[in-house]
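What follows is the residue order along each chain.
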Amino acid sequence: MLRAPRHPPESGRSPGLPSALSCRTGRSRSRCPVGRPLAQGAQGGRAGEEDAAAPGAAGVVSMGPVGRQSPAPLPVPAGGSCLILLFCLRLGAPCPQSCQCPEHAGAVAVHCSARGLQEIPRDIPANAVLLKLDANKIAHVPNGAFQHLNQLRELDLSQNTIETIGPAAFAGLAGGLRLLDLSHNRIRRIPKDALGKLSAKIRLSHNPLHCECALQEALWELKLDPESVDEIACHTAAREEYVGKPLIQALDSGVSFCSTHHKTTDVAMLVTMFGWFAMVITYVVYYVRQNQEDARKHLEYLKSLPSAPVAKDPVSPVP
């Protein structure tokens, strides 16, 4: 049984209860009554009923009969709907930690530039069309690093420390990739198996490339970016006179690093064949001389044997 307060409340408000403004601003949330309009006071006027019926009123829950209160919902802070929306978007399209993934018309651009990454993130959204991993510390591109990104159109791996690339590093990108930037890295030899199947424009400038026959053969199968192709230079070369010079300029002048390779191979094969021929001739000469020596010894042995007298048959008388 409820007791009436001994002293009438001042200004039409029950003692011990915070004002509606305090409850709405969160200053006295712990003391706000659950299941009753915040603006309801001693007057119990129409203002309390309007607050109780107003949709979206903070802390207002509809009441049932006296003594029975409906369960209070979890409080939603200001801007909670926006946070929930962003959370749902992150669940639908995860974004690597410390990266930004703006989305436009269902396509995601993943920006991970200058994040200090030492390896390629694994939680890249599958609907990414642009992936920027430039200005990091990535040293190796493993096999299958982008195999789930079949919608990727542009991949930027420039300004890293890449030295090795797996033969299947870009598997799954052959059909859709349009631009691959590998400039400003530490690549010395082009992985023919990794880049040969791509139809994208490839940037290889500012890498310490070793100009040799294998590099020349690999470049024949690549689609180099025309804007940066003149910046591909020989850091080292099979022929010393081309060290530090643009590779394309040397190839356009008719230089072939494979000709030197083929000449060296031909000379090696000629030397090998001559060696085998000399061995065969030496064996034949040795065999002939050995047979002659054996024949001479055998003949001397036969001459050393004593000769036996020949018996003469007596002449039989003529009958």
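Look a little higher up for the structure.
Presented here is a report on the structure given in the accompanying data block.

Procedures and definitions
Residues numbered from 1 in each chain as written. Predicted model: local features only at pLDDT ≥ 70, side-chain atom pairs only at ≥ 80, totals over all residues. Heavy atoms only, no water. Phe/Tyr/Trp six-rings, centres within 6.5 Å; stacked < 30°, edge-to-face > 60°. Helix = DSSP H or I, 4+ residues; strand = E, 2+ residues; numbered from the N terminus. Buried < 20%, exposed > 50% of the residue type's maximum accessible area, 1.4 Å probe, protein only. Disulfide = S-S within 2.5 Å. Patch = residues over 30% accessible without salt bridge, like charges linked within 9 Å, V, L, I, M, F, W, Y side chains within 5 Å. Areas by Shrake-Rupley, 256 points an atom, 1.4 Å probe, with all protein chains shown as cover. Salt bridge = Lys/Arg side-chain N within 4 Å of Asp/Glu carboxyl O. Lys, Arg positive; Asp, Glu negative; His and termini not counted. Charge placed at Lys NZ, Arg CZ, Asp CG, Glu CD. Pairing = 2+ DSSP bridges.

We now examine the packing of aromatic side chains. According to the stated counting rule, one finds three aromatic pairs in the structure shown. Geometrically, the ring pair formed by Phe146 and Phe170 is stacked, given 6.0 Å between the ring centres and 5° between the ring planes. Of the two residues, Phe146 is situated in the loop between β4 (140-141) and β5 (154-156) and Phe170 in the loop between β6 (164-165) and β7 (179-181); the sequence distance between them amounts to 24 residues. Grouping residues by exposure puts Phe146 and Phe170 together as buried.

Under the defined criterion, the tally for this structure stands at four disulfides. Across the disulfide from Cys211 sits Cys234; the S-S distance is 1.9 Å. The sign of the S-S torsion, about -100°, decides the handedness of the disulfide formed by Cys211 and Cys234: left-handed. Residue Cys211 is located in strand β9 (residues 209-211), and its partner Cys234 is located in strand β10 (residues 234-237); the two are separated by 23 residues in the primary sequence.

Once that is clear, we can look at a positive patch on the surface. On the surface, a cluster of positive charge is made up of Arg153, Arg178, Lys201 and Lys223. As for its position among the elements, Arg178 is in the loop between β6 and β7. Arg178 gets classed as partly exposed once you look at its relative accessible area, which sits at 49%.

Think of a sheet as strands paired side by side through backbone hydrogen bonds, with each pair either parallel or antiparallel. Ordered by their spatial adjacency, six strands build an open sheet running β1-β2-β3-β5-β7-β8, and the pairing between neighbours is mixed. Among the strands making up the open sheet, the edge pair consists of β1 (103-104) and β8 (201-203). Of the pairings in the sheet, the one linking strand β3 (residues 128-132) to β5 comprises three bridges and is parallel in character. Bridge pairing in β5 places Leu131 opposite Leu155.

A contiguous nonpolar surface patch, about 500 Å² in accessible area, is contributed by Val280, Tyr283, Val284, Tyr287 and Val288. Tracing the chain through its elements places Val280 in helix α7 (residues 257-304). On the basis of relative accessible area, Val280 is assigned to the partly exposed category, the value being 49%.

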